[in-house]
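Working through the structure, step by step
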Amino acid sequence: MNTVSNDKLDLFFGRRSIRVYAPGAIDEQTLSILLKAAMAAPSAMTKDPWRFVTVRNQAMLGRLAAALPGGKMLSTAAMAVVVCGDLDAALEQRLGYLLQDCSAAIENLLLCAHALGLGACWVGIHPSEDSARQVREMLSLPKAVLPIAAISLGWPGEQLEARTRFNPAYVHPERW
Ligand SMILES: Cc1cc2nc3c(=O)[nH]c(=O)nc-3n(C[C@H](O)[C@H](O)[C@H](O)COP(=O)(O)O)c2cc1C
């Protein structure tokens, strides 16, 4: 890739969606670092509406994989973190703020996973009402808590090249 070689920048360019996993568990200390990184993300008025359901149970991973059309890899992941948002806690109780805050937390979690040598993939739940309903029932989520995405996590079983999808046509200097 035509980018300055720099360990810190590799965090961004080297992060890829990893969907194939090698055997191996993720210990509690590593999970704690991932969650701390997620909760270091920006949040509108620091409301921190994000909530995290950590799933290690193999049967539950299988059920998530079956429920989510893009989530087949969850059945072979070491674990999943289901990122949810509490609408009661979000700024002005608005879905727009909840989604932006949760997305920032998800990206932090993905970048942290990459920094730790883990493989991770964002599996969308929101805005599919069917996926959300199934996940909500499976995880016994309270009414105001919306499942946004399941993050599959494991030790990487595939290597994907670093890259950017930079497109100069998407950039408008000074004005559109
Ligand atoms: C909102 C959102 C939902 C996504 N849902 C899925 C999914 O259900 N299954 C999946 O395999 N990847 C999913 N992805 C990952 C994208 O497919 C991936 O980020 C994209 O192809 C770019 O590849 P990269 O992450 O390796 O750069 C999702 C990403 C986002 C932002």
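Criteria and cut-off values
Throughout, residues of each chain are indexed from 1 in the direction in which the sequence is written. Side-chain atom pairs in this predicted model are given and counted only at pLDDT of 80 or more, local residue features only at pLDDT of at least 70, and totals for whole chains, interfaces and linings cover all residues. Neither water nor hydrogens contribute to the side-chain values; these are computed over all heavy atoms in the structure. Working definition: residue near molecule or strand if any one of its non-hydrogen atoms lies within 4 Å of it. Within 3.5 Å is the distance limit for a polar contact, defined as a pair of N or O atoms, with the added protein rule that one can donate a hydrogen and the other accept it, and that residues adjacent in sequence qualify only through two side-chain atoms. Here the open area of atoms and residues is found with the Shrake-Rupley method and a 1.4 Å probe, where only the protein chains shown may cover a residue. In this analysis, axes come from line fits to C-alpha atoms, helices being fitted only over the stretch in contact, and the angle between any two N-to-C directions falls in the range 0 to 180 degrees. Going along the chain from the N terminus, every DSSP run of H or I of four or more residues is numbered as a helix, and every run of E of two or more is numbered as a strand. Working rule for angles: under 35 degrees goes down as roughly parallel, over 145 as roughly antiparallel, 65 to 115 as roughly perpendicular, anything else as oblique. Crossing handedness: left-handed means the near helix sits turned counterclockwise from the far one by under a right angle, and right-handed means the same turn made clockwise. Only heavy atoms enter the contact rule, under which two residues are in contact if any of them lie within 4.5 Å. Note on residue classes: Ala, Val, Leu, Ile, Met, Phe, Trp, Tyr, Cys and Pro are nonpolar, Asp, Glu, Lys and Arg are charged, and everything else, Gly too, is polar. For a helix, the expected span equals 1.5 Å multiplied by the number of residues minus one. Partly exposed describes any residue whose relative accessible area lies between the buried limit of under 20% and the exposed limit of over 50%, with all areas from a 1.4 Å probe on protein chains only and scaled to the type maximum. It is the directions from the helix axis to the C-beta atoms that the arc portrays.

In the vicinity of the ligand, the contacting residues are Arg15, Arg16, Ser17, Arg19, Gly70, Met73, Cys121, Trp122, Val123, Gly124, Arg163 and Arg165. Within the side chain of Arg163, a nitrogen or oxygen atom sits 3.1 Å from an oxygen atom of the ligand. At 3.3 Å from an oxygen atom of the ligand is found a side-chain nitrogen or oxygen belonging to Arg165. In the complex, 62% of the free accessible area of the ligand, which totals 630 Å², lies under the protein chains.

A word on the packing of helix α2 (residues 28-38) against helix α4 (residues 95-115). Two elements in contact, α2 and α4, have axes whose closest approach is 7 Å; the angle formed by their N-to-C orientations is 140°. For the element pair α2 / α4, the angle class is oblique. As α2 runs across α4, the sense of the crossing is right-handed. Of the residues in α4, those touching α2 at Ile33, Leu34, Ala37 and Ala38 are Ala105, Asn108, Leu109, Cys112 and Ala113. Split into classes, the residues belonging to the contact of α2 with α4 amount to eight nonpolar, one polar and no charged.

Moving on: the side chain of Thr30. Relative to the assigned elements, Thr30 resides in helix α2. With residues near it in sequence (within four places) discarded, Thr30 still touches Leu116 and Leu118.

Here α4 is 21 residues long and its end C-alpha atoms lie 30 Å apart, about the 30 Å a rise of 1.5 Å per residue gives. Of all the positions in α4, only Leu98, Asp101, Cys102, Ala104, Ala105, Ile106, Leu109, Leu110, Leu111, Cys112 and Ala113 are classed as buried. Contacts from the buried residues of α4 go to α1 (7-13), α2, β2 (50-55), β3 (79-86), β4 (119-124) and β5 (145-156). Where α4 ends, the next residue or the one after it, Gly117, has phi of about 85°, a positive value.

Looking now at α2. The periodicity of an α-helix, 3.6 residues per turn, causes residues three or four positions apart to be oriented the same way. If you check which residues of α2 are buried, you get Thr30, Leu31, Leu34, Leu35, Ala37 and Ala38. Each buried residue of α2 sits inside an arc of 160° when the element is viewed along its axis, so together they form one side. Away from the buried face of α2 by more than 90 degrees, exposed residues Glu28, Gln29 and Lys36 are located. Between a side-chain oxygen at the N-terminus of α2 and the backbone nitrogen of Gln29 the separation is 3.2 Å; the capping residue is Asp27.

Time to look at the environment of Gln100. Inspection of the secondary structure assignment puts Gln100 in helix α4. Relative accessible area serves as the criterion here: at 56%, Gln100 is assigned to the exposed category. Distance in space between the C-alpha atoms of Gln100 and Ser17 is 20 Å, their sequence separation being 83 residues. At 3.1 Å, the side chain of Gln100 and the backbone oxygen of Gly96 are in polar contact.

For the rest of this paragraph, the subject is the environment of Leu111. Residue placement: Leu111 occurs in helix α4. For the pair formed by Leu111 and Ala37, sequence separation is 74 residues and the distance between their alpha carbons is 8.6 Å. Setting aside anything within four residues of it in sequence, one finds Leu111 in contact with Leu11, Phe12 and Arg15.

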